[in-house]
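# Remarks on the overall topology
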Amino acid sequence: MRELSEIDVVGVVGAGTMGNGIATAAAAAGYEVVIRDIEQAYVDRGLAAVEDSLDRLAGSDRLAEDPETVRERVRGTTELSDLADADLVIEAIVEDLDVKREVFAELDAIVADGVVLASNTSTLSITTIAAATDRASDVVGIHFMNPVPVMKGVEIVVGERTHEAVVALAHAFAADLGKETWESDDKPGFVTNRILMPWINEGVRAYDEGVATKADIDRGMKLGTNVPMGPLELADHIGLDVVLHASETLHAELGDRYTPAYLLKRKVEAGDLGKKTGRGFYEYD
């Protein structure tokens, strides 16, 4: 297994919101980054998002260098084989177990022995993903929070066969990115989504059942529990489709207490997914 001091190039699979955020954070910390997606249009969109993020971070304590200097450390590709020289690979693609396992099996054949393969999954089993490879002891969960360049927290998820040294490397890498970590066993939803999804769904049910206005539900939770966003605001920020998918995954694993709220499903069916579509529980410019 590589030591943190031996990691120079970080591969990121997936150029979407989480992938380009991870790429931004890694480049800002001084790593060379290769970000891969399946179509050039997705790669270009991801690279543009990296540039936008760096411009927003310019002059803050999160970015010690000129944005263009950091941007030059990031390159994009549509070829998974271009990650062959990566010293650490982080997968941040769609939350589909079969797709992730397929990608991990391909990565296992491409990258060198001793290279750690990490998943940014928020709900899926690290053990099951790792079983698609011949290096299960070198597979770990590194679950970043959105937006990655800003959020301080990273959840480290330990699979059944993840080696202790790999867990330590994951913590150290996140710390090198300026993050703070906590650790979870490989149980459905880990720490964050196991607790967060019922909270969001109960907020949606409270609104749907007329307990209070959406504004008062969010205001009450912010003022009453000192969280930065209420459940409806947060759902819009995450993406209602993402919340629904996570809730459905946990419902299948853990039972009725994770049943998705009816109004959440209705919003997703209507295409009102939150900030990314301009309308969710609230409307956005």
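Since we're looking at a predicted model, the values are computed, not measured.

Turning next to the UniProt feature "binding site: NAD(+)" (unreviewed entry) in the protein chain. Mapped onto this structure's residue numbering, the UniProt feature "binding site: NAD(+)" (unreviewed entry) falls at Gly 14, Ala 15, Gly 16, Thr 17, Met 18, Gly 19, Asp 37, Glu 95, Lys 100, Ser 122, Asn 146 and Lys 276. Spanning 263 residues, the annotated positions stay apart in the fold, the maximum distance between their C-alpha atoms being 23.7 Å. When you line up the elements, Gly 14 lands in the loop between β1 (9-13) and α1 (17-28). Beyond its immediate stretch of four places on either side in the chain, Gly 14 contacts Gly 19, Asn 20, Ile 35, Arg 36, Asp 37, Ala 92 and Ile 93. Along the chain, Thr 17 falls in helix α1.

In spatial order, the strands read β3-β2-β1-β4-β5-β6-β7-β8; together these eight strands make up an open sheet with mixed pairing. Bordering the open sheet on either side are β3 (74-77) and β8 (180-185), each of which pairs with just one other strand. Ignoring which end each strand starts from, the neighbouring axes of this sheet average 25° apart. Sheet analysis places β1 next to strand β4 (residues 88-91), joined by four bridges and oriented parallel. Following the sheet pairing, Val 13 is matched in β4 by Glu 91. Packing against the sheet, helix α4 (residues 97-110) makes contact with β1, β4, β5 (116-119) and β6 (139-144), and its axis sits at approximately 165° to β5.

So, on to the nonpolar core. Grouped together as the largest cluster of nonpolar side chains are 40 residues, with contacts concentrated most on Ile 90, Val 140, Ile 142, Phe 144 and Phe 173. Discounting chain neighbours no more than four positions away, the residues touching Phe 144 are Met 18, Ile 22, Ile 90, Asn 120, Gly 153, Val 154, Phe 173 and Leu 177. In terms of nonpolar packing, the next biggest core, distinct from the first, is built from 20 residues, Leu 124, Ala 136, Val 139 and Val 157 among them.

What follows is about the pairing of β1. Of all five residues making up β1, four are buried, and the element is well covered by its neighbours. Once the chain exits β1 it traverses α1 before rejoining the sheet at strand β2 (residues 32-36), and the crossover so formed is right-handed.

Attention now goes to unusual backbone geometry. Where the residue is not glycine, phi is negative for most of them; where a peptide bond is considered, it is trans in most cases. Asn 146 connects to Pro 147 through a cis peptide bond whose omega is 0°. Checked against the element boundaries, Pro 147 lands in the loop between β6 and β7 (153-158). With a phi close to 55°, Phe 190 is a non-glycine residue in the positive phi region. If you check the backbone angles, Asn 226 has positive phi at about 65° while not being a glycine. As for its position among the elements, Asn 226 is in the loop between α8 (214-225) and α9 (231-238).

Turning our eyes to something else, we now look at empty space enclosed by the protein. Considering all chains together, one arrives at one cavity of 30 Å³ or more under this definition. By volume, the largest cavity is sized at about 30 Å³. Lining the largest cavity we find Leu 88, Val 116, Val 140, Ile 142, Leu 169, Ala 170 and Phe 173. A class-by-class count of the residues in the lining of the largest cavity yields seven nonpolar, no polar and no charged.

It is worth spelling out the UniProt feature "site: Important for catalytic activity" (unreviewed entry) in the protein chain at this point. Within this structure's numbering, the places UniProt gives as "site: Important for catalytic activity" (unreviewed entry) are His 143. In this fold, His 143 is placed in strand β6. Residue His 143 is classed as buried on the basis of its relative accessible area of 7%. Other than its neighbours up to four places away in sequence, His 143 contacts Ser 119, Asn 120, Thr 121, Ser 122, Gly 153, Val 154, Glu 155, Thr 192 and Asn 193.

Across all of its chains, the model carries 10 salt bridges by this definition. Note that Glu 283 is salt-bridged to Arg 279, the shortest N-O span being 2.8 Å. For Glu 283, a relative accessible area of 59% translates into the label exposed. On the basis of relative accessibility, which here comes to 39%, the residue Arg 279 falls in the partly exposed class. Because the salt bridges share partners, they merge into one network encompassing Glu 91, Glu 95 and Lys 100.

Further remarks concern the layout of surface pockets. Here the second largest pocket defines a volume of roughly 180 Å³. Lining the second largest pocket are 13 residues, with Arg 62, Pro 149, Leu 177, Gly 178 and Lys 179 positioned closest to its centre. Here the lining of the second largest pocket is built from residues that sort into eight nonpolar, two polar and three charged.

How each quantity is defined
Starting from 1, residues in each chain are numbered consecutively following that chain's sequence as written. Predicted model: local features are reported for residues with pLDDT of at least 70 only, side-chain atom pairs are reported and counted for 80 or more only, and whole-chain, interface and lining totals are derived from all residues. Hydrogen atoms and water are omitted, and side-chain values are computed over all heavy atoms in the structure. UniProt positions are given in the numbering used here, feature names are shortened, and annotations may be inferred rather than shown by experiment. Numbering goes from the N terminus for both helices and strands, where a helix is a DSSP run of H or I of at least four residues and a strand is a run of E of at least two. Contact definition: two residues touch when any of their heavy atoms are within 4.5 Å. One bridge is not enough; two strands pair if DSSP finds at least two bridges between them. The axes used here are C-alpha line fits, helices contributing only the stretch in contact, and every angle between their N-to-C directions lies in the interval 0 to 180 degrees. Side-chain atoms within 4.5 Å link the members of a nonpolar core, which is a set of buried Ala, Val, Leu, Ile, Met, Phe, Trp, Tyr and Cys residues. We call a residue buried when its accessible area falls under 20% of the maximum for its residue type, exposed when it is over 50%, and partly exposed in between, using a 1.4 Å probe and counting protein chains only. By convention, a crossover is right-handed whenever its connection, traced from the first strand over the helix to the second and viewed with the strands pointing away, goes clockwise. A 1.4 Å probe that fits into a set of points on a 1 Å grid over the protein atoms alone but cannot get out defines a cavity; an open set with protein on both sides within 12 Å along at least five of seven lines defines a pocket, and lining residues are those with an atom within 4 Å of a point. Grid points are joined across faces, edges and corners, and a volume is the space filled by probe spheres set on the points. Gly falls in the polar group here, along with every residue not listed as nonpolar (Ala, Val, Leu, Ile, Met, Phe, Trp, Tyr, Cys, Pro) or charged (Asp, Glu, Lys, Arg). What counts as a salt bridge is simple: a side-chain nitrogen of Lys or Arg found within 4 Å of a carboxyl oxygen of Asp or Glu.

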